[in-house]
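Observations on the model geometry
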Amino acid sequence: GPQRPAYPQSAEYGSCALRKMSIMEALELLDQLVDESDPDVDFPNSYHAYQTAEGIRRAHPDKGRADWFHLVGLLHDLGKVLALFGEPQ
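Not measured: the values here are computed from a predicted model.

Bringing the nonpolar core into the picture now. A26, L27, L29, L30, L33, A49, A53, L74, L78 and V81 form the largest nonpolar core, which has ten residues in total. Within the residue set of this core, elements represented by two or more residues are α2 (23-30) and α3 (45-59). Top contributing element to this core by residue count: α2, with four residues. Apart from the residues within four sequence positions on either side, A26 is in contact with M21, L78 and V81.

Below, the structure written as structure tokens:
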């Protein structure tokens, strides 16, 4: 039969045709989302992202040269912006 993509989402999102944005734009956009997994939070979702990155930096000062580790903390929830474009949370 026909070959299916290894990741079904790649057919829809692979070309990034919905919208292109910078990381900062995505973080700002994330603030418009009410996260179903934590709806009672009184601070913006971007604050959580920065808080996580800073928490990683503080918990692992020995990894100061591993900028990717802090970056993962900052980016870990960015996929949630897809909910603003009709994807389920």
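Right, picking up where we left off after that structure.
Considered for burial, the residues of α2 that qualify are A26, L27, L29 and L30. One face of α2 carries all of its buried residues, which in axial projection span an arc of 160°. As for α2, its buried residues are in contact with α3 and α4 (67-75).

This part takes up the confidence of the model for the protein. In the predicted model, the protein carries a mean pLDDT of 81, and the fraction of residues at 70 or more is 76%. Mean pLDDT across the elements of the protein ranges from a minimum in helix α1 (residues 9-13), with 60, to a maximum in α2, with 93.

Let us look at the packing of aromatic side chains. With the rule as written, the count across this model stands at two aromatic pairs. A centroid spacing of 5.3 Å and a plane angle of 55° characterise the contact between W68 and F69, whose relative ring orientation is tilted.

Let us look at the UniProt feature "binding site: Fe cation" (unreviewed entry) in the protein. UniProt tags H48, H76 and D77 as "binding site: Fe cation" (unreviewed entry). Across 30 residues, the annotated set stays spatially compact, with a maximum C-alpha separation of 10.0 Å. Relative to the assigned elements, H48 resides in helix α3. Relative accessible area serves as the criterion here: at 30%, H48 is assigned to the partly exposed category.

Another point: a nonpolar patch on the surface. A cluster of nonpolar side chains, L82, L84 and F85, forms an exposed patch at the surface whose accessible area comes to about 220 Å². Mapped onto the elements of the fold, L84 is located in the segment after α4.

Turning our attention to the environment of A26. Inspection of the secondary structure assignment puts A26 in helix α2. Taking the C-alpha atoms as reference points, A26 and L75, separated by 49 residues in sequence, lie 9.5 Å from one another.

What follows covers the packing of α3 against α4. At a minimum axis separation of 7 Å, α3 and α4 run at an interaxial angle of 155°. Between α3 and α4, the crossing angle belongs to the class labelled roughly antiparallel. Considering only the axes of α3 and α4, their crossing is right-handed. Residue-level inspection shows A49, Y50, T52, A53, I56 and R57 of α3 in contact with α4, the latter providing F69, H70, G73 and L74. Taken together, the residues of the contact of α3 with α4 sort by class into six nonpolar, three polar and one charged.

Procedures and definitions
Every chain is numbered on its own, with residues counted from 1 as its sequence reads. For this predicted model, a pLDDT threshold of at least 70 governs which residues receive local features, and a threshold of 80 or more governs which side-chain atom pairs are given and counted, while totals over whole chains, interfaces and linings are taken from all residues. Excluding hydrogens and water, the side-chain figures rest on all heavy atoms present in the structure. By nonpolar core we mean a set of buried residues, namely Ala, Val, Leu, Ile, Met, Phe, Trp, Tyr and Cys, connected to one another through side-chain atoms within 4.5 Å. Per-residue accessibility, obtained with a 1.4 Å probe over protein chains only, is compared with the maximum for each type, and a residue is labelled buried under 20%, exposed over 50%, and partly exposed between these values. Helix numbering and strand numbering both begin at the N terminus, where a helix is a DSSP run of H or I of at least 4 residues and a strand a DSSP run of E of at least 2. Any two residues whose heavy atoms approach within 4.5 Å are treated as being in contact. Note: the arc covers the axis-to-C-beta directions of the helix. One confidence number per residue, pLDDT, is output by the predictor and ranges from 0 to 100. Note on aromatic pairs: the rings of Phe, Tyr and Trp (six-membered ring only in Trp) are paired at centre separations within 6.5 Å, and the planes decide the class, stacked below 30 degrees, edge-to-face beyond 60, tilted for the rest. UniProt positions are given in the numbering used here, feature names are shortened, and annotations may be inferred rather than shown by experiment. Two joining distances apply to patches: 9 Å for like charges and 5 Å for nonpolar side chains (Val, Leu, Ile, Met, Phe, Trp, Tyr), and every residue must have over 30% relative accessible area and no salt bridge. To measure how exposed things are, a 1.4 Å probe is used in the Shrake-Rupley method; for residues, cover is taken only from the protein chains shown. Salt bridges are identified by distance alone: a Lys or Arg side-chain nitrogen within 4 Å of an Asp or Glu carboxyl oxygen. Between N-to-C directions, angles span 0 to 180 degrees; the directions come from axes that are lines fitted to C-alpha atoms, helices contributing only their stretch in contact. Should an angle fall under 35 degrees it is taken as roughly parallel, and over 145 as roughly antiparallel, whereas 65 to 115 is taken as roughly perpendicular and any remaining angle as oblique. By definition, any crossing whose near helix is turned counterclockwise from its far helix by less than a right angle is left-handed, and any crossing with a clockwise turn is right-handed. Charged means Asp, Glu, Lys or Arg here, nonpolar means Ala, Val, Leu, Ile, Met, Phe, Trp, Tyr, Cys or Pro, and polar covers whatever is left, Gly included.

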